[in-house]
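One letter stands for each residue in the lines below.
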Amino acid sequence: MASVSITVDGVRYEDTVEPRTLLVQYLRETLGKVGTVVGCDTSNCGACTVLLNGRSVKSCTVLAVQADGQDVTTIEGLAPGTELHPVQKAFHDRHALQCGFCTPGMILAAVSLLADEPNPTGEQIREGIEGNLCRCTGYQNIVRAIADAAAAMRTPGADRTIEVTADEGVSA
């Protein structure tokens, strides 16, 4: 057994875990953070994406012991109370989801992308979410939602917004 001290969604947790426990298992089974979804178990789908020190990672590829001393943000901790983060709001407004299975991971990947590139092009958005699979939407509304969120999050005075058209051949 190994001791870990991990801050998850702003709360510090001290636990003992098996060294082979995946971060996704720790979050779901120990902490009850079930918004972090177990998808493929092979790191291909991105449904388990969380922010580790502000960077998106697939929590099925990180051991809980590797997150010791780190800061993890799950979909449950992205926005305070009943408020929505701008990316969450844009996903809602643009109907960038259908079944919702991929949505938590997709949103957190988008948050990480926008932290690095607050004014992304359509191509940068597609590249930023390429490790997250959606089997329902065809990605068009997801790309639009991320573009909308980027515009909403930019500082006043920014002069560029992204219009993504259906004929741009969105693929992730």
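What you see is a predicted model; the values in this text were computed from it and never measured.

Trainee: How should I be thinking about the overall build of the chain in this particular structure?
Mentor: Per the secondary structure count, the chain includes five helices and five strands. Within the span of the chain, comprising 172 residues, buried residues form 45% of the whole. Counted over contacts in the chain with a minimum sequence separation of 6, partners at least 24 positions apart contribute 60%. For the chain, the exposed area adds up to about 8600 Å²; of that, 48% sits on carbon and sulfur atoms.

Trainee: I keep staring at the sheet that holds strand E2 (residues 11–17) and nothing clicks. Help me out?
Mentor: Strands in a sheet are paired, the pairing made by backbone hydrogen bonds, and the direction either parallel or antiparallel. Across the sheet, five strands lie side by side as E2-E1-E5-E3-E4; this open sheet has mixed pairing. The open sheet has two edge strands, E2 and strand E4 (55–58), and neither has a second partner. Within the sheet, the average angular offset between the axes of one strand and its neighbour, ignoring direction, is 40 degrees. Along the sheet, helix H1 (residues 23–30) contacts strand E1 (2–8), E2, strand E3 (49–52) and strand E5 (71–73); its crossing angle with E2, the most-contacted strand, is approximately 105 degrees. On the sheet, helix H3 (residues 103–116) packs against E3, E4 and E5 and is oriented at approximately 35 degrees with respect to E3.

Trainee: Could you clarify how one ought to interpret the pairing of E4 in this entry?
Mentor: Consecutive residues of a regular strand have side chains that alternate between opposite faces of the sheet. Note that E3 and E4 share four bridges and pair antiparallel. Within E4, the residue paired with Leu52 across the bridge is Arg55. Between E3 and E4, which pair antiparallel in sequence order, lie two residues; one of them, Asn53, sits at a positive phi of approximately 55 degrees.

Trainee: Any chance you could explain the packing of helix H2 (residues 86–93) against H3 here in plain terms?
Mentor: In a pair of packed helices, the angle between the axes and the distance between the axes together describe the arrangement. Put simply, H2 and H3 touch, their axes get as near as 9 Å, and they point 125 degrees apart. Between H2 and H3, the angle falls in the class oblique. Both H2 and H3 take part in a crossing whose hand is right-handed. Along its contact with H2, which presents Val87, Gln88 and Phe91, the element H3 presents Thr103, Met106, Ile107, Ala110, Val111 and Leu114. For the contact of H2 with H3, a count of residues per class yields seven nonpolar, two polar and no charged.

Trainee: Could you clarify how one ought to interpret H3 in this entry?
Mentor: Residues three or four positions apart in an α-helix share a direction because the helix packs 3.6 residues into each turn. Between its first and last C-alpha atoms H3 spans 20 Å; for 14 residues at 1.5 Å apiece the expected length is 20 Å, and the two agree. Buried residues of H3: Thr103, Pro104, Gly105, Met106, Ile107, Leu108, Ala109, Ala110, Val111, Ser112, Leu113 and Leu114, and no others. Buried residues belonging to H3 abut E3, E4, E5, H2, helix H4 (122–128) and helix H5 (140–153).

Cut-offs and rules
- Residues numbered from 1 in each chain as written.
- Predicted model: local features only at pLDDT ≥ 70, side-chain atom pairs only at ≥ 80, totals over all residues.
- Heavy atoms only, no water.
- Helix = DSSP H or I, 4+ residues; strand = E, 2+ residues; numbered from the N terminus.
- Buried < 20%, exposed > 50% of the residue type's maximum accessible area, 1.4 Å probe, protein only.
- Contact = heavy atoms within 4.5 Å.
- Areas by Shrake-Rupley, 256 points an atom, 1.4 Å probe, with all protein chains shown as cover.
- Pairing = 2+ DSSP bridges.
- Axes fitted to C-alpha atoms, helices over the stretch in contact; angles between N-to-C directions.
- Parallel < 35°, antiparallel > 145°, perpendicular 65-115°, else oblique.
- Left-handed = near helix turned anticlockwise from the far one by under 90°.
- Nonpolar A, V, L, I, M, F, W, Y, C, P; charged D, E, K, R; others polar.
- Expected span 1.5 Å × (residues − 1).

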